[in-house]
Amino acid sequence: MNAADDARIESPTREELLQRFPGLSDEELPFGAHEPIKEHLMREVARGDLVAVPRRVRRPLLLAIGVAAAACAVAVALTMNGAGPGETVKAAPAEPAAVRLLDRLALAAASSPGPSVRNGQFMYTKTVGHSTALSEVPGGGMEASPTDESAERWLSVDGSAGVTTRTATGSGTRPPDGGLPSLNNPTYRFLETLPTDPDRLLELIYEDTRSQHGPGSGSTTGPDQQAFVAIGDLLRGFEAPPGLSAALYRAAARIPGVVLVPESKDAAGRPGVAVAREHNHERTEWIFDKQTLRLLGAREVALRDSAWGKAGTVMTSVAIVDRGVTDLPGQLPTP
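Just so we're clear, the structure is a prediction, and the values are computed from it rather than from any experiment. (Residues numbered from 1 in each chain as written. Predicted model: local features only at pLDDT ≥ 70, side-chain atom pairs only at ≥ 80, totals over all residues. Heavy atoms only, no water.)

### Structural notes on the nonpolar core
Point 1. Within the largest apolar cluster, 49 residues are counted, with the highest numbers of intra-cluster contacts made by Leu102, Ile231, Tyr249, Val275 and Trp286.
Point 2. When residues of this core are traced back to their parent elements, those giving at least two are α5 (96-110), α6 (188-192), α7 (198-213), α8 (223-237), α9 (242-252), β6 (258-265), β7 (271-279) and β8 (282-288).
Point 3. Sorting elements by how many residues they give to this core places α5 first, with 9 residues.
Point 4. Beyond its immediate sequence surroundings of up to four residues, Trp286 is in contact with Leu102, Phe228, Ile231, Gly232, Leu235, Ala252, Val273, Ala274, Val275, Leu295 and Gly297.
Point 5. Val261, Ala274, Ala276 and Leu296 belong to the second largest nonpolar core, which has 5 residues in total. (Core = buried A, V, L, I, M, F, W, Y, C linked by side-chain atoms within 4.5 Å. Buried < 20%, exposed > 50% of the residue type's maximum accessible area, 1.4 Å probe, protein only. Helix = DSSP H or I, 4+ residues; strand = E, 2+ residues; numbered from the N terminus. Contact = heavy atoms within 4.5 Å.)

### Some thoughts on the side chain of Glu152
Point 1. Its place among the elements puts Glu152 in strand β3 (residues 151-156).
Point 2. For Glu152, the side chain forms a polar contact with the side chain of Tyr124, separated by 2.5 Å. (Polar contact = N/O pair within 3.5 Å; in protein donor to acceptor, adjacent residues only side chain to side chain.)

### Overview of the pattern of salt bridges
Point 1. Taken as a whole and assessed by the stated rule, the structure comprises 10 salt bridges.
Point 2. For the salt bridge of Asp199 with Arg254, the shortest nitrogen-to-oxygen distance reads 2.8 Å. Here the residue Asp199 occupies a position in helix α7, and Arg254 occupies one in the loop between α9 and β6, the gap between them amounting to 55 residues.
Point 3. The buried category is assigned to Arg254, whose relative accessible area is 4%. (Salt bridge = Lys/Arg side-chain N within 4 Å of Asp/Glu carboxyl O.)

### Points about the packing of aromatic side chains
Point 1. For the structure on display, the rule yields 3 aromatic pairs.
Point 2. Where Tyr124 meets Trp154, the ring centres are 5.1 Å apart and the plane angle is 50°; that geometry is what we call tilted. With Tyr124 in strand β1 (residues 122-136) and Trp154 in strand β3, this residue pair connects regions lying 30 residues apart in the sequence.
Point 3. For Tyr124, a relative accessible area of 2% corresponds to the buried category.
Point 4. Using a relative accessible area of 1% as the deciding quantity, one classes Trp154 as buried.
Point 5. When the centroid spacing of 5.8 Å and the interplanar angle of 70° are considered together, the rings of Tyr249 and Phe288 count as edge-to-face. Residue Tyr249 is found in helix α9, and its partner Phe288 is found in strand β8; the two are separated by 39 residues along the sequence.
Point 6. By relative accessible area, Tyr249 is classed as buried at 7%.
Point 7. Relative accessible area serves as the criterion here: at 0%, Phe288 is assigned to the buried category. (Phe/Tyr/Trp six-rings, centres within 6.5 Å; stacked < 30°, edge-to-face > 60°.)

### Structural notes on the packing of α7 against α8
The description of two packed helices rests on the angle between their axes and on the distance between the axes.
Point 1. Where α7 contacts α8, the axes come no closer than 9 Å and their chain directions differ by 110°. With respect to α8, the axis of α7 lies roughly perpendicular. Crossing of α7 over α8 shows right-handed handedness. Only Pro223, Asp224, Gln226, Ala227, Ala230 and Ile231 of α8 make contact with α7, whose side of the interface consists of Leu202, Ile205, Tyr206, Thr209 and His213. (Axes fitted to C-alpha atoms, helices over the stretch in contact; angles between N-to-C directions. Parallel < 35°, antiparallel > 145°, perpendicular 65-115°, else oblique. Left-handed = near helix turned anticlockwise from the far one by under 90°.)

### Digging into the pairing of β1
Consecutive residues of a regular strand have side chains that alternate between opposite faces of the sheet.
Point 1. Pairing of β1 with β3 involves 6 bridges; the strand directions are antiparallel. Considered in β3, the bridge of Lys126 is made with Glu152.
Point 2. Two elements, β1 and strand β10 (residues 314-326), share 9 bridges in a ladder whose sense is antiparallel. The partner of Val128 across the bridge, within β10, is Ala319.
Point 3. Note that β1 and strand β2 (residues 142-148) share 7 bridges and pair antiparallel. Bridge pairing in β2 links Glu136 to Met142. (Pairing = 2+ DSSP bridges.)

### A few points about α7
Point 1. Look at α7: 22 Å from first C-alpha to last across 16 residues, which is about the 22 Å you get at 1.5 Å a residue.
Point 2. Inspection of α7 places Pro198, Leu201, Leu202, Ile205, Tyr206, Asp208 and Thr209 among the buried residues, and these make up the whole buried set. All buried residues of α7 project into a common sector of 165° when viewed along the axis, lining one side.
Point 3. Put simply, Asp197 is the residue that caps the front of α7, since its side-chain oxygen is 3.2 Å from the backbone nitrogen of Asp199. (Expected span 1.5 Å × (residues − 1). Arc of directions from axis to C-beta.)

### Topic: the pairing of β3
Point 1. Among the 6 residues of β3, 5 are classified as buried, and the element is accordingly described as predominantly covered.
Point 2. For β3 and strand β4 (residues 163-167), the ladder comprises 5 bridges, and the chain directions are antiparallel. By the bridge assignment for β4, Leu155 is matched with Val163.
Point 3. As consecutive antiparallel partners, β3 and β4 are separated by 6 residues, and within that stretch Gly159 has a phi angle of approximately 85°, a positive value.

Interpretation in functional terms is not warranted from these geometric data alone.
Structure below.
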């Protein structure tokens, strides 16, 4: 199965739906996001628009995420970190609260209508935010200064027209590079071909990050953090097919060290809840609206005093303020 697959189910009753999608009545999260998902699914099923798999398949998958998260995360960690028979890899499973939130995010993504796109069109994304750069100062030492990262981007759906980017300092177009699309250089059509099985998808992501950050690359980030960042880039880059977005959230739930941050804020000042991972005294956060579960943005926070600033300093923050589909680069999507 991949993101283009479509299997429809007959419209069940409300009680049957709650049995078919375990977790919809789970109220363990520190906010009421389960209610909007539940009501949305009810409306989708009533219209016959919900894409799902039969109950006998769907239920074990959700149970594997919600109940056996620790065992699953450890097993994936052993596989992805290259442990052979008899070897032991020390890995902390994803935090249960983070797994539950990622489960909700996957349900919300799977039940959302995907964008209607044609070859020749463009995926539009508008972001606001900043990053931090370090520079030497007279007399020695380093100084941190923010850089505006606000931008608009038009990405060709099928890759035939490249990418157009507009920032505060100007605009430019990168023509098609002639190569095949990849996880590091995706198109919407490429994302439609990716597997929607979380285990297969995560294995693919680990393989890709190993090829990018393997021996000789100088990277000390580690495969788990690289996979977490790669998934975040795919989610944030532009709107992905619903089935793939759901699989990305479920894949993230299998990465060791993923935690829940109950209170966060994006670059536009919007409050939310975050899924995060800590590495090298820094925390990478994906921020979501607590009610709608819409992805608001991402940020990186320093966890101890350093050249970047004091502990708690937001080093990088980007907010997604608009998305859509356009016929031409430079054009804004219809509201």
